[in-house]
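# Examination of the molecular architecture
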Amino acid sequence: MLSVGGIGYTRSTSPQSPRWLGAGPPSGGPCFLWVLMRTIVYVDAFNLYYGCLKRTPYRWLNIHKLCELLLPKNDILAVKYFTALVSARPNDAGQPIRQQTYLRALRTLPTTEIVLGHYLTHNVWMPKVVPHGQPQEYVEVIKTEEKGSDVNLATHLLNDAHHNRFCVAVVISNDSDLLAPIKIVRADMGKKVGVLNPQKNPSRAILPHIDFIKQIRSGALAAAQFQDQLTDHHGTFTKPASW
């Protein structure tokens, strides 16, 4: 049993699923001892959703399954999902219910940890696009800002690297704000870092400082969906109807 962030993981020693060399699992030991590279995945939920899930039929996403499909040579020890709880909006009262249902689905995955930040929502006046030469007009909009998730992700990435909990870190994000912790983990801690990119174009700032990058494509998303009906210790629940 290997513990990562308080979660225990049992590794099969069968020939069909080799995890390590030797008599048993090393406790965060040298990476060369492992047949499959010990990997923790860090998910920027906001970047993932707006990059490749919004307005698609793939929102009921089993992230652990997606990682297994895209990283077949990696031993996915944990998936850490960084998000914030949304509030109902006048035109979308069901948004929090859909999110809570999805988080409930993620909690059925034993290797997945949900780390919450928070959203700030307020009304602001912003400039409107007007024809050239016309007086500037302004419109009041609802502005939502996610607070804490990027800091939480960076903190977990650095802490896990410090405690030698992985050989490879995989970040699901295209946010260049994560460049500093990625550089530290690679340069100062000797870990490999890869990116599963949810956006159309990779960040030019991040590219020179990672070991690999893979694009998240619709085929992989389609193959990594939860079953429509799931069961947990509270009972049975289903995929949101609008998804």
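Residues numbered from 1 in each chain as written. Predicted model: local features only at pLDDT ≥ 70, side-chain atom pairs only at ≥ 80, totals over all residues. Heavy atoms only, no water.

Here we come to the pairing of strand β11 (residues 229-232). The two faces of β11 differ: Leu230 and Asp232 on one face are buried, but Gln229 and Thr231 on the other face are not. Pairing geometry for β11 and strand β12 (residues 235-238), over 4 bridges, is antiparallel. Each residue of the ladder has a partner; that of Asp232, found in β12, is Gly235. Following β11, the chain reverses through 2 residues before pairing antiparallel with β12. (Buried < 20%, exposed > 50% of the residue type's maximum accessible area, 1.4 Å probe, protein only. Helix = DSSP H or I, 4+ residues; strand = E, 2+ residues; numbered from the N terminus. Pairing = 2+ DSSP bridges.)

To continue, consider the sheet that holds strand β5 (residues 112-116). Pairing within the open sheet is parallel, and its 6 strands lie in the order β5-β4-β3-β8-β9-β10. At either margin of the open sheet sits one strand with a lone partner, and together these are β5 and β10 (212-215). On average, each strand axis in the sheet is tilted by 20 degrees relative to the strand beside it, whichever way the strands run. Both strand β4 (residues 74-83) and β5 contribute to a ladder of 5 bridges, which runs parallel. Note that in β5 the partner of Thr83 across the bridge is Leu116. Contacts from helix α1 (residues 45-53) reach β3 (37-44), β4 and β8 (168-172) within the one sheet, and its direction differs from that of β3 by about 75 degrees. Taken strand by strand, helix α3 (residues 95-106) contacts β4 and β5, and its axis lies near 155 degrees from that of β4. (Axes fitted to C-alpha atoms, helices over the stretch in contact; angles between N-to-C directions. Contact = heavy atoms within 4.5 Å.)

Examined against the element boundaries, Gly190 turns out to sit in the loop between α5 (179-187) and β9 (192-197). Residue class for Gly190 comes out exposed when judged on its relative accessible area of 63%. Between the C-alpha atoms of Gly190 and Ala161, which are 29 residues apart in sequence, the distance is 8.9 Å.

Attention now goes to the pairing of β3. Judged by how many residues are buried, β3 sits mostly within the fold: 7 of 8 residues are covered. Judged from the 8 bridges that link them, β3 and β4 form a sheet pairing that is parallel. Paired with Tyr42 across the two strands is Lys80, which belongs to β4. One ladder, built from 5 bridges, connects β3 with β8; its direction is parallel. The partner of Thr39 across the bridge, within β8, is Val168.

Now for the packing of helix α4 (residues 149-162) against α5. Two numbers describe how α4 lies on α5: the axes approach to 9 Å, and their chain directions differ by 5 degrees. Taken together, α4 and α5 sit at an angle that is classed as roughly parallel. Facing α4, whose interface residues are Ala154, Leu157, Leu158 and Ala161, α5 presents Pro181, Ile182, Ile184 and Val185. When grouped by side-chain class, the residues that make up the contact of α4 with α5 number 8 nonpolar, no polar and no charged. (Parallel < 35°, antiparallel > 145°, perpendicular 65-115°, else oblique. Nonpolar A, V, L, I, M, F, W, Y, C, P; charged D, E, K, R; others polar.)

To continue, consider α4. With 14 residues, α4 extends 20 Å between its outermost C-alpha atoms, agreeing within 8% with the 20 Å of an ideal straight helix rising 1.5 Å per residue. For α4, the full list of buried residues reads Ser149, Leu153, Ala154, Leu157, Asp160 and Ala161. The buried residues of α4 occupy an angular sector of 140 degrees when projected down its axis, which confines them to one face. Turned more than 90 degrees away from the buried face of α4, the exposed residues are Val151 and His162. Just past α4, the residue Asn164 takes up positive phi, approximately 55 degrees. (Expected span 1.5 Å × (residues − 1). Arc of directions from axis to C-beta.)

It is worth spelling out the side chain of Thr101 at this point. Along the chain, Thr101 falls in helix α3. Relative accessible area serves as the criterion here: at 17%, Thr101 is assigned to the buried category. A distance of 2.8 Å separates a polar side-chain atom of Thr101 from the backbone oxygen of Ile97. (Polar contact = N/O pair within 3.5 Å; in protein donor to acceptor, adjacent residues only side chain to side chain.)

Note that all results are geometric; they support no functional claim without further evidence.
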